[in-house]
Amino acid sequence: MSDDLISQLKTMLIEGLLLEDIVPDDLSPDDALFGGGLGLDSIDALEIGVMLDRQYGIKITSGDERNNQIFLSLRSLAEFVAANRTR
């Protein structure tokens, strides 16, 4: 997994979720995306799923038992994308 992919995901999250007053350098790869980290919610998770499908051809379903691990941090999300992307 590359730093370039993490950078792409940072930009995608900031732009796609309209995270105002946040720049890519504010996001650490190991910060939690939900809860105490960025404080994202379930609606944001759905939006991220749609963005991953559009950008990388990755399908994530709400019932996937791996979701807690996939969405744990930017790094875990990038690892999942690197392993599962179709484009």
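All values reported here derive from a predicted model rather than from experimental measurement.

Comments concerning the environment of M51
Working step 1: Within the secondary structure, M51 sits in helix α2 (residues 42-56).
Working step 2: Along the primary structure M51 and I14 are separated by 37 residues, whereas in three dimensions their C-alpha atoms are 12 Å apart.
Working step 3: Among all residues touching M51, those that are not within four sequence positions of it are M12, L13, G16, L17 and Y56.

Details of the nonpolar core
Working step 1: In terms of nonpolar packing, the biggest core is built from 24 residues, with L9, L13, I48, L52, Y56 and L77 touching the most fellow members.
Working step 2: Of all the secondary structure elements, the ones that give two or more residues to this core are α1 (3-16), α2 and α4 (74-84).
Working step 3: Per-element tally for this core: the top contributor is α1, with 6 residues.
Working step 4: In contact with L77, not counting residues within four places along its chain, are L9, L33, I48, L52, I70 and F71.

Things to note about the packing of α1 against α2
Working step 1: Remark: α1 packs on α2, axes separated minimally by 11 Å, with the N-to-C direction vectors making an angle of 130 degrees. Put simply, α1 runs oblique to α2. As for the relative orientation of α1 and α2, their crossing is right-handed in sense. Here L5, Q8, L9, M12, L13 and G16 of α1 come into contact with α2, specifically with I48, M51, L52, Q55 and Y56.
Working step 2: Of the residues assigned to the contact of α1 with α2, the class counts are 8 nonpolar, 3 polar and no charged.

Here we look at α4
Working step 1: If you check which residues of α4 are buried, you get L74, S76, L77, A78, F80 and V81.
Working step 2: Packing partners of the buried residues in α4 comprise α1, α2 and α3 (67-70).

Some thoughts on the confidence of the model for the protein
Working step 1: Per-residue confidence for the protein averages 92 on the pLDDT scale, and 99% of its residues sit at or above 70.
Working step 2: Mean pLDDT across the secondary structure elements of the protein bottoms out at α3, with 93, and peaks at α4, with 96.

Things to note about unusual backbone geometry
Working step 1: For L18, which is not a glycine, the phi torsion comes out positive at approximately 50 degrees.
Working step 2: By the secondary structure assignment, L18 is in the loop between α1 and α2.
Working step 3: Its identity as a non-glycine residue notwithstanding, D21 has a phi of 65 degrees, on the positive side.
Working step 4: Note on placement: D21 falls in the loop between α1 and α2.

What counts, and where the lines are drawn
Residues numbered from 1 in each chain as written. Predicted model: local features only at pLDDT ≥ 70, side-chain atom pairs only at ≥ 80, totals over all residues. Heavy atoms only, no water. Helix = DSSP H or I, 4+ residues; strand = E, 2+ residues; numbered from the N terminus. Contact = heavy atoms within 4.5 Å. Core = buried A, V, L, I, M, F, W, Y, C linked by side-chain atoms within 4.5 Å. Buried < 20%, exposed > 50% of the residue type's maximum accessible area, 1.4 Å probe, protein only. Axes fitted to C-alpha atoms, helices over the stretch in contact; angles between N-to-C directions. Parallel < 35°, antiparallel > 145°, perpendicular 65-115°, else oblique. Left-handed = near helix turned anticlockwise from the far one by under 90°. Nonpolar A, V, L, I, M, F, W, Y, C, P; charged D, E, K, R; others polar. pLDDT = per-residue confidence, 0-100.

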